[in-house]
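Now for the letters of each chain:
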Amino acid sequence: MTDAAITVGTSAPVQFLTADGRFEPSATAEPYASALERLSEDDHRRFYRDMVVIRAFDREAEILQRQGQLALWPPSMGQEAAQVGSAHAARPQDHVFPSYREHVVGMIRGIDIMRIIEMMRGLSHGGWDPADPRNGNFHLYTLVIGSQTLHATGYAMGLTLDGSTGTGDPERDQAVMVYFGDGATSQGDVNEAFIFAASYQTPQVFFLQNNQWAISVPVARQSRTPLVNRGTGFGIPSVQVDGNDVLASYAVTATHLDDARAGGGPQFIEALTYRVGAHTTSDDPTKYRTNAELESWVARDPIARFKAWLQAEGAPESFFEGVEEEAKDVAADTRRRTLALESPPPDKLFDSVYSEAHPVMVAQSEWLAQYEEQMQEGDGA
Amino acid sequence: MTDHSPSQRTVDETTDAATPVATATTSTGRPTGIQTLPMSRAINAGLAQAMRDDDRVLLMGEDIGRLGGVFRVTEGLQAEFGENRVLDTPLAESGIVGTAIGLAMRGFRPVCEIQFDGFIFPAFDQITTQLAKLTARHEGSLSLPVVIRVPYGGHIGAIEHHQESPEAYFAHTPGLRVVSPASPNDAYWMMQEAIASNDPVLFFEPKSRYWAKGEVDFGASAVPLHASRVVRTGTDVTVLAHGAMVTVLLQAAELSQAEGISLEVVDLRSLSPIDYGPILESVRKTGRLIVAQEAPGFVSVGSEVAATVAEQAFYSLEAPVLRVSGFDIPFPPAKFEHVYLPDADRILEAVDRALAY
């Protein structure tokens, strides 16, 4: 059995910027061009800044893991444009359900990215409150592949049922965006999410980052058809976008989120990108993929491409230097704050297993406290 | 089968599933008084009441709307509350529970029906890795008031996957609450209490009791959701079960009485958490305990009760705690279910063994 690479759909992916940063929209980009007009020069620079800052954060987290400070790190290097473009396309009232690699999406929505560090250090299973206004409706990471797609679809069903979408008021109408990967498309839950979304015409965008590899298994083993066709098969409007083009990622996502909010039902976006790093720090990609493949994608790097375009647009060198400084500061701050993290007291473990009083939680919490007290007395003797 | 227990207040007569319930109501619309209903109608009345009390309560499942469910438990509810409150879902159990989680995140209180016990396993991942853990994962900021109704158990002569008792899997899972009513009155009240709970509740409905009638007191809940309860007092041996097996214990108690042996029957009602107060009190009185269940005995709810009672009431026990369970085999073809499922004779055999110590 061969695993011939299948990365493109029946038409060219939506693209505005070529790999070397020239503004040359693909024919498929035409319906999305108007969405780009919403972006100011400040927005462009913010996109660039977010990509550079998160890459520095991501790199620092990887080093912290190598130094034994984190249990695990799932790097996002290479996927910055897909994530930054789509995240900025969401409105504040929208809800975002991530997978576990969308660090910059969380940062853009407002969570403290140290919460992700805490999780990967083994201090929490996430723990932030998506409903806290500071956290921008950014839901917790989900580690069981694809499970979050059903939660997102259920949430979107709720938006329809409580009349929070499709009223025609873009400031009020809400939509849901859910992130998942190429491997997840093989999961039953993702397919069931497509089915429920199509059946109930939910206001949601399925944002697939096809980073070509599900740990060591190439996308061709997940699907014999371009993944964008999967959405179409469920009756969901589907589009393929160059996920390493931050402008294309933004424009396509903004347009389809608008469609979802306006009552157009679910939408499916396949963003073609590449996981430049390992799946996680436990992985060794040299065992399953070639340097030539890696280099071909590094040549399409989302940050270099966008920098070239910004420079052509006249962004001064001082801007880029400032971003580099800020990125270094964020990395240093991440290190400093990671090393200062303290473990919460163990009795907290029993506090939030249930929302309501539970006799077993009370009994075991009390037992543990008594046991630890005894042990301390024993140590003292 | 005939049930002679006044405390259980059930009689086995099949009834028209469309029997209207709760004709008398208070000025607030709540039904009043006492009515005799089969358990399926009592659950229906409990669901309807919960839906009237809180418009965030939704029902979702396969065939529950227009058909009213394969057991007609939800009959008439879509007509009363509309398609936005009673959702006929696609045929996908994981999808049902997974979207119910999302709906609960949005503030709804979904009540999912799994059509049969043996079909809950496609949803097992969403129930155990997501539903059970999300409150802890959110460090308490998120409540997930999701009820999963599961018609379960044998005695109905059905084909494979339609007669099982999978409750131990869920009782074993932290973050879930697991209950099972044995009588129409408990079914009516426990359903409303389960829906009112801010935690996920697995609600196991003993499907062989769906058609058995009993009195439902619309005036007041008998005991809290997670309370166990003595349903027949006795002095010689305590026998304990949940769901349909409670009826078998009551039969055994009748038969024993004729032989001069007095059984005290405890209805567990809640499998997680387990209310040990009445159980221990009973065991301290009788000194003997038999735990009965339809499920296989290995790593079962009955095993857990036996272990805990041995720990907590060791000096009161005159005999080891005995389990009477389904055999540790896949649920057999229906013609063998009378061999597989514990009946009153199997209970009485264990009573004799317990008394022999």
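Parameters at a glance
- Residues numbered from 1 in each chain as written.
- Chains lettered and ligands numbered in written order.
- Predicted model: local features only at pLDDT ≥ 70, side-chain atom pairs only at ≥ 80, totals over all residues.
- Helix = DSSP H or I, 4+ residues; strand = E, 2+ residues; numbered from the N terminus.
- Rg over C-alpha atoms; globule rule 2.2 N^0.38 Å.
- Contact = placed C-beta atoms within 7 Å.
- Buried ≥ 20, exposed ≤ 12 C-beta atoms within 10 Å, placed from the backbone.
- Pairing = 2+ DSSP bridges.
- Axes fitted to C-alpha atoms, helices over the stretch in contact; angles between N-to-C directions.
- pLDDT = per-residue confidence, 0-100.
- Core = buried A, V, L, I, M, F, W, Y, C linked by C-beta atoms within 7 Å.
- Domains from an automatic or database assignment.
- Nonpolar A, V, L, I, M, F, W, Y, C, P; charged D, E, K, R; others polar.
- Arc of directions from axis to C-beta.
- Parallel < 35°, antiparallel > 145°, perpendicular 65-115°, else oblique.
- Expected span 1.5 Å × (residues − 1).
- Left-handed = near helix turned anticlockwise from the far one by under 90°.

Asks: Give a description of the overall build of chain B that names residues and reports values.
Replies: On a plain count of helices and strands, chain B comes out with 12 helices and 15 strands. Against the compact-globule benchmark of 21 Å for 357 residues, chain B has a radius of gyration of 20 Å, which places it among compact chains. Over its C-alpha atoms, taken along the principal directions, chain B stretches across nearly 60 × 45 × 40 Å. Long-range pairs, those at least 24 residues apart, make up 77% of the contacts in chain B between residues at least 6 apart in sequence.

Asks: If you had to explain the overall build of chain A to someone new, which residues and values would you point to?
Replies: Across its full length, chain A holds 14 helices and 7 strands. Taking 2.2 N^0.38 as the reference for a compact globule, 381 residues should give roughly 21 Å; the C-alpha atoms of chain A span a radius of gyration of 22 Å, in line with that estimate. Summarising its shape, the C-alpha atoms of chain A cover approximately 80 × 50 × 50 Å along the three principal directions. The buried share of chain A, taken over its 381 residues, is 48%. Sequence-distant contacts in chain A: of pairs separated by 6 or more residues, those separated by 24 or more amount to 76%.

Asks: How would you summarise the sheet that holds strand β15 (residues 322-326) of chain B if you had to cite specific residues and measurements?
Replies: Residue and element names in this part refer to chain B. Across the sheet, 5 strands lie side by side as β10-β12-β11-β14-β15; this open sheet has mixed pairing. Bordering the open sheet on either side are β10 (229-232) and β15, each of which pairs with just one other strand. Direction aside, the axes of adjacent strands within the sheet are offset by 30° on average. The strands touched by helix α8 (residues 245-258) within the sheet are β10, β11 (237-241), β12 (263-267) and β14 (289-296), with β12 carrying the most contacts at an inclination of about 170°. Relative to β15, helix α12 (residues 344-355) is tilted by about 160°, and along the sheet it contacts β11, β12, β14 and β15.

Asks: Summarise the pairing of β11(B); cite the residues concerned and give the values.
Replies: All names here are of chain B. For β11, a buried count of 5 out of 5 residues is recorded, marking the element as mostly surrounded by other parts of the structure. Here β11 shows two buried faces, one formed by Val237, Val239 and Ala241 and the other by Thr238 and Leu240. The sheet contact formed by β11 and β14 spans 3 bridges and is parallel. Bridge pairing in β14 links Val239 to Ile290.

Asks: Can you tell me about the confidence of the model for chain A, naming the residues and giving the values?
Replies: Here chain A averages 95 in pLDDT, while 97% of its residues score no lower than 70. This model gives residues 1-8 of chain A a pLDDT under 50, and the stretch forms 12 contacts once residues within four places in sequence are excluded.

Asks: Could you give an account of the interface of chain B and chain A, naming the residues involved and the relevant values?
Replies: Between chain B and chain A, the contact holds 32 residues from the first and 34 residues from the second. Elements represented by at least two residues in the side of chain B that touches chain A include exactly α3 (93-105), α4 (124-131) and α5 (134-137) of chain B. If you tally residues by element for the side of chain B that touches chain A, the top one is α3(B), at 9 residues.

Asks: Break down the nonpolar core for me, with residues and values.
Replies: Ranked by internal contacts, the top residues of the largest apolar core, which has 192 residues, are Leu249(B), Ile290(B) and Ile347(B). Contacts of Leu249(B), omitting those with residues within four sequence positions, involve Val239(B), Ala241(B), Val265(B), Ala292(B) and Ile347(B).

Asks: Lay out the domain arrangement of chain B in plain terms, naming residues and giving numbers.
Replies: Note on interface size: it is often stated as the accessible area lost on association of the parts. Residues and elements named next belong to chain B. Domain assignment breaks chain B into domain 1 (37-217) and domain 2 (229-355). Computed over C-alpha atoms, the centres of domain 1 and domain 2 are 26 Å apart. Counting residues at the interface gives 24 residues for domain 1 and 21 residues for domain 2. Elements with a contribution of two residues or more to the side of domain 1 that touches domain 2: α6 (167-171), β7 (177-179) and β8 (201-206). For the side of domain 1 that touches domain 2, the per-class residue count stands at 11 nonpolar, 8 polar and 5 charged.

Asks: Now, about α4(B): what can you tell me, with residues and values included?
Replies: Taken as a whole, α4(B) has its buried residues at Gln126(B), Ile127(B), Gln130(B) and Leu131(B). Down the axis of α4(B), the smallest arc covering the buried residues is 115°, so these residues share one side.

Asks: Lay out the packing of α3(B) against α4(B) in plain terms, naming residues and giving numbers.
Replies: Residue and element names in this part refer to chain B. It is at 8 Å that the axes of α3 and α4 come closest, and there the two elements cross at 25°. It follows from the interaxial angle that α3 and α4 lie roughly parallel. For the pair α3 and α4, the contacting residues are Ser94, Val97, Gly98 and Ile101 in the first and Asp125, Gln126, Ile127, Gln130 and Leu131 in the second. Residue classes in the contact of α3 with α4 are distributed as 4 nonpolar, 4 polar and 1 charged.

Asks: Can you lay out unusual backbone geometry for me, pointing to particular residues and giving the numbers?
Replies: Backbone geometry follows two general trends: most residues other than glycine have a negative phi, and most peptide bonds adopt the trans configuration. Residue and element names in this part refer to chain B. A cis geometry characterises the amide bond from Ser272 onward to Pro273, with omega recorded as -5°. For Pro273, the position within the fold is in the loop between β13 (270-272) and α9 (276-286). Positive phi outside glycine occurs at Val299, with the angle close to 55°. Here Val299 is to be found in the loop between β14 and α10 (301-312).

Asks: Tell me about the environment of Pro226(A), and name the residues and values.
Replies: In this fold, Pro226(A) is placed in the loop between α8 (219-222) and α9 (228-233). The spacing of Pro226(A) and Arg91(A) is 135 residues in sequence and 29 Å in space, taken between C-alpha atoms.

Asks: Run through helix α10 (residues 246-261) of chain A, naming residues and quoting values.
Replies: All names here are of chain A. Compared with the 22 Å implied by 1.5 Å per residue over 16 residues, the 22 Å span of α10 between its first and last C-alpha is a close match. Judged by how many residues are buried, α10 sits mostly within the fold: 14 of 16 residues are covered. In the segment just after α10, Gly263 is the residue with positive phi, at about 100°.

Asks: So what's going on with the sheet that holds β7(B)? Residues and values would help.
Replies: Adjacent strands of a sheet form backbone hydrogen bonds with each other and so pair up, either parallel or antiparallel. Residues and elements named next belong to chain B. Pairing within the open sheet is mixed, and its 7 strands lie in the order β4-β3-β5-β6-β8-β7-β13. The sheet is open, and its two edges are formed by β4 (86-88) and β13, each paired on a single side. Taking the axes of each pair of neighbouring strands and ignoring which way they run, one obtains an average angle of 20° across the sheet. Pairing of strand β3 (residues 57-61) with β4 involves 3 bridges; the strand directions are parallel. In the strand pairing of β4, Leu59 is matched with Val86.

Asks: Tell me about the confidence of the model for chain B, residues and numbers included.
Replies: Taken as a whole, chain B shows an average pLDDT of 93; of its residues, 92% reach a score of 70 or greater. Both confidence scores are given for the complex: pTM 0.95, ipTM 0.96.

Asks: Tell me what's going on with the packing of helix α1 (residues 39-53) of chain B against helix α7 (residues 184-196) of chain B, and back it up with residues and numbers.
Replies: Residue and element names in this part refer to chain B. Interaxial distance between α1 and α7 falls to 8 Å at its minimum, and their mutual angle equals 30°. Our classification of the angle between α1 and α7 gives roughly parallel. In this structure, α1 meets α7 at a crossing whose hand is right-handed. Of the residues in α7, those touching α1 at Met39, Ala42, Ile43, Ala45, Gly46, Leu47, Gln49 and Ala50 are Pro184, Ala187, Tyr188, Trp189, Met191, Gln192 and Ile195. Partitioned by chemical class, the residues of the contact of α1 with α7 number 12 nonpolar, 3 polar and no charged.

Asks: Lay out the environment of Arg229(B) in plain terms, naming residues and giving numbers.
Replies: Residues and elements named next belong to chain B. Within the secondary structure, Arg229 is located in strand β10. Sequence spacing of Arg229 and Leu268 is 39 residues, and the spatial spacing of their C-alpha atoms is 6.5 Å. Setting aside anything within four residues of it in sequence, one finds Arg229 in contact with Val223, Val266, Asp267, Arg269 and Pro278.

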